[in-house]
Every structure is written in structure tokens, then in C-alpha cells.
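Below, each chain spelled out in residue letters.
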Amino acid sequence: MTEEYIYAVARVRSRELSLLSRQDVDQLMACRSVEECLRTLSDKGWATGSPEEVLAAEEEKTWAFIRELTDDLSPFRVLLFPTDYNNLKAAVKAVVTSAEPHDVFLPGGSIPPETLLQCVREGDFSPLPESMAAAADSAYHTLLQTQDGQLCDVILDKACLCGILECGQESGSDILRDYAELTCAVSDIKVAVRACKTGKNRAFLDAALAPCGSLSMASLAGAACKSLDDLYAYLAVTPYSEAAERLKESYSAFEKWCDDRVMDLIKDQKMNPFTIGPLFAYVLARRNEISTVRIILSGKLNELDDGMVRERLREMYV
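Note that the coordinates shown come from a computational prediction; the quantities given were computed from them, not determined experimentally.

Thresholds, definitions, all that
- Residues numbered from 1 in each chain as written.
- Predicted model: local features only at pLDDT ≥ 70, side-chain atom pairs only at ≥ 80, totals over all residues.
- Heavy atoms only, no water.
- Helix = DSSP H or I, 4+ residues; strand = E, 2+ residues; numbered from the N terminus.
- Rg over C-alpha atoms; globule rule 2.2 N^0.38 Å.
- Buried < 20%, exposed > 50% of the residue type's maximum accessible area, 1.4 Å probe, protein only.
- Contact = heavy atoms within 4.5 Å.
- Areas by Shrake-Rupley, 256 points an atom, 1.4 Å probe, with all protein chains shown as cover.
- Lys, Arg positive; Asp, Glu negative; His and termini not counted.
- Charge placed at Lys NZ, Arg CZ, Asp CG, Glu CD.
- Expected span 1.5 Å × (residues − 1).
- Salt bridge = Lys/Arg side-chain N within 4 Å of Asp/Glu carboxyl O.
- 1 Å grid on protein atoms, 1.4 Å probe; cavity = no way out; pocket = protein on both sides within 12 Å on 5 of 7 lines; lining within 4 Å.
- Points joined across faces, edges and corners; volume = space filled by probe spheres on them.
- Nonpolar A, V, L, I, M, F, W, Y, C, P; charged D, E, K, R; others polar.
- Axes fitted to C-alpha atoms, helices over the stretch in contact; angles between N-to-C directions.
- Parallel < 35°, antiparallel > 145°, perpendicular 65-115°, else oblique.
- Left-handed = near helix turned anticlockwise from the far one by under 90°.

### Quick word on the overall build of the protein
Logical step 1: Along the protein, the regular secondary structure elements total 16 helices and 0 strands.
Logical step 2: Taking 2.2 N^0.38 as the reference for a compact globule, 318 residues should give roughly 20 Å; the C-alpha atoms of the protein span a radius of gyration of 20 Å, in line with that estimate.
Logical step 3: Principal-axis analysis of the C-alpha atoms places the extent of the protein at approximately 55 × 45 × 40 Å.
Logical step 4: Scored against the burial criterion, the 318 residues of the protein give a buried share of 48%.
Logical step 5: Summarising the internal contacts of the protein: among those between residues at least 6 apart in sequence, 64% fall at separations of at least 24.
Logical step 6: Counting only carbon and sulfur atoms, one obtains 50% of the accessible surface of the protein, whose full area is about 15300 Å².
Logical step 7: Here the protein holds 34 positive side-chain charges and 50 negative ones, and the gap between their average locations is 4 Å.

Below, the structure is given as C-alpha cells:
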């Protein structure tokens, strides 16, 4: 296994040379239009087409490369769970509402959307992983009985986070475990902030928050039921004190902080040639640069002020 990773990591190191740098990002920012941005990206080896086609192609290119390196994609489930659960939500709602599922599924999951649709239509979730099957059954029957789409989402979103956390903890990899913990904690903070702003009660929070090691669910829920100031005060005494400061600025500042924390988390993997870590870090680095390009293209398309766009740009891996 070590020899497999040594070869795979050597190929990743070569690919890292083509990752976008801060200088490349500045060059894209200097472009005067979306079309000029796309031409610049094409010159750097990116796909061609419309902005969404380019971004989707680059995402697929990343996974195609990883599949070349290893037949075992199980360590990457922490990244694939969100897509699978998003598609499961879409399948449940399509079946319950008798709607044709046009353009509702995301590409790149580990479970074909057709399989999810068949499971829901037949009411048989046994082909799915055990934890996902239980959540799917619960969400499906909840939506049937209550017609409450938000409650359906809560069930599946929590199951997704629990799956990510369990996968990270069972991986035996520090980077996967730490990423899963950060992902779960950040998602819980987002849930708490939204719940506080919309006046959700404690029962909703208890149902929606996914337990993780770096936050107290009781304290987080209790603070969110009081006020944003109480929520920020609680976060200030946790490892996410800086998150509270960013939330006070704006939600976009908080999201930037979240993505930058991921980059901080994976940068040490540049010096690790013997584990899955560098491969995992490469996928996250690619996702980060795709997200950065999406922000720039959106800014050009909507003619936003460059200063406003720059405030949202993520830290780069290289």
C-alpha cells in the first residue's frame, strides 16, 4: 500500500504544478470579461465551453485523475457524501410529489441517481449503505405523512454529517478525520446561525445538529435559542472563535474563513509521501480553485466591483 501511494503521490506532485497560484488568480481578476477569463483558463489547460460546462468538466477531470491513481475510493467518501445525500433528497421529493426529476441531480456522487430513484419508488432502501438506508426510509415516510420538505431535509442533512464524521473517524487518517470534524462543526454552526435568525425552537435544533467532538451540541443549541450575541459568545470559547468574528462581518466572510481553514488543514500534506493524505489534499485543492474561479466568473458576469470580489477569494494551495 505504501508503494502504491509513493507512485500516486509522485503523480500528484507533478499535477500540483498546474494548480492555479495567487498570480494566476490576479491574472484572472485583471481580465475584462467572462470570455477573456475563459480564454485565459483555456491557455492554462482548463476545459472550454460555458462557465458551468468548464467548472463541471474540471470537477470531473479531478475525479478521473484520482481514479487513475487508485481503485479504492472509499477514503474519499467524506467528499462524496454531500452529493449522494443531495441526490437522495431530490429523489425522495420527486417521488413523493410525483414530479419528473429533470435537472435535479448533481454529478459526481458514488451512488447513481437512478439507483436512488428506484429505491424510493419501490420503498426498498436495502441496496443503500445501512446508515443511508435508515435515513432515507425515515425521510421518505416523514415527507409522505407531513408534506414537510424542511423536516425531510433535516433528517438527511444530519445523516450526511454523521456519515462524514464516522467515515473520517474510521479512516485511520489524521487528515480525513480532521477534515470530517471541521466539516461537521462548520455545518452545525451554519444550522445554528440560520435557526437563530429564523426563530427555530430547541426541538428543531436538537433534531438538526449532528454531534461532533469540538462543539457541545447542548451549548450550541441553547445559545442559538437565545440570540446571535449569545451564539457568538459561545463560539468565542471554542476552537471556532475566529468563525464568530467572521460571522459578525458577513456570512460571505464566514464562508471564506471556512474554505481557508480547509486549505490550512491540508497544506502539511505536501510533505507527506506515504499515505492517502496528498491525494485527498489534491482533490480539496482542486475544489478550492474551482470555487475561486466560480467566484471570479460570477463577479465578471454580474459586473461586481473588483474589491468586493477579492474579499471573497479563497487562499490557494500553491
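Right, picking up where we left off after that structure.
### Quick look at helix 15 (residues 277-301)
Logical step 1: The terminal C-alpha atoms of helix 15, which comprises 25 residues, lie 36 Å apart, in line with the 36 Å expected from a rise of 1.5 Å per residue.
Logical step 2: A large share of helix 15 lies buried, amounting to 20 of its 25 residues.
Logical step 3: Of the residues one or two after helix 15, E303 is the one with positive phi, at around 55°.

### Brief notes about the pattern of salt bridges
Logical step 1: The full count for this structure, using the stated rule, is 20 salt bridges.
Logical step 2: Note that R287 is salt-bridged to E59, the shortest N-O span being 3.4 Å. In this pair, R287 sits in helix 15 while E59 sits in helix 4 (residues 51-69), placing the two residues 228 residues apart along the sequence.
Logical step 3: Residue classification places R287 among the partly exposed residues on the basis of a relative accessible area of 26%.

### Quick word on the layout of surface pockets
Logical step 1: A volume near 1800 Å³ is recorded for the largest pocket.
Logical step 2: Considering the residues around the largest pocket, the lining is formed by 49 residues, among which P82, Y179, T183, K190 and R287 are closest to the centre.
Logical step 3: Counting only elements with at least two residues in the lining of the largest pocket, the list comes to helix 4, helix 5 (77-96), helix 8 (149-170), helix 9 (174-198), helix 10 (202-208), helix 14 (251-266) and helix 15.
Logical step 4: Ranked by residues supplied to the lining of the largest pocket, first place goes to helix 9 with 10 residues.
Logical step 5: Partitioned by chemical class, the residues of the lining of the largest pocket number 26 nonpolar, 9 polar and 14 charged.
Logical step 6: Of the volumes computed, that of the second largest pocket is approximately 210 Å³.
Logical step 7: Taken together, 13 residues form the lining of the second largest pocket, with R77, F81, P129, S131 and G163 sitting closest to its centre.
Logical step 8: Listing elements by their share of the lining of the second largest pocket, those giving two or more residues are helix 5, helix 7 (130-146) and helix 8.
Logical step 9: Residues of the lining of the second largest pocket, tallied by class, amount to 6 nonpolar, 3 polar and 4 charged.

### Here's the deal with the packing of helix 2 (residues 22-30) against helix 15
Logical step 1: Between helix 2 and helix 15, the shortest axis-to-axis distance is 10 Å and the interhelical angle comes to 15°. Our classification of the angle between helix 2 and helix 15 gives roughly parallel. Crossing of helix 2 against helix 15: the hand is right-handed. Only T292, V293, I296 and K300 of helix 15 make contact with helix 2, whose side of the interface consists of V25, L28 and M29.

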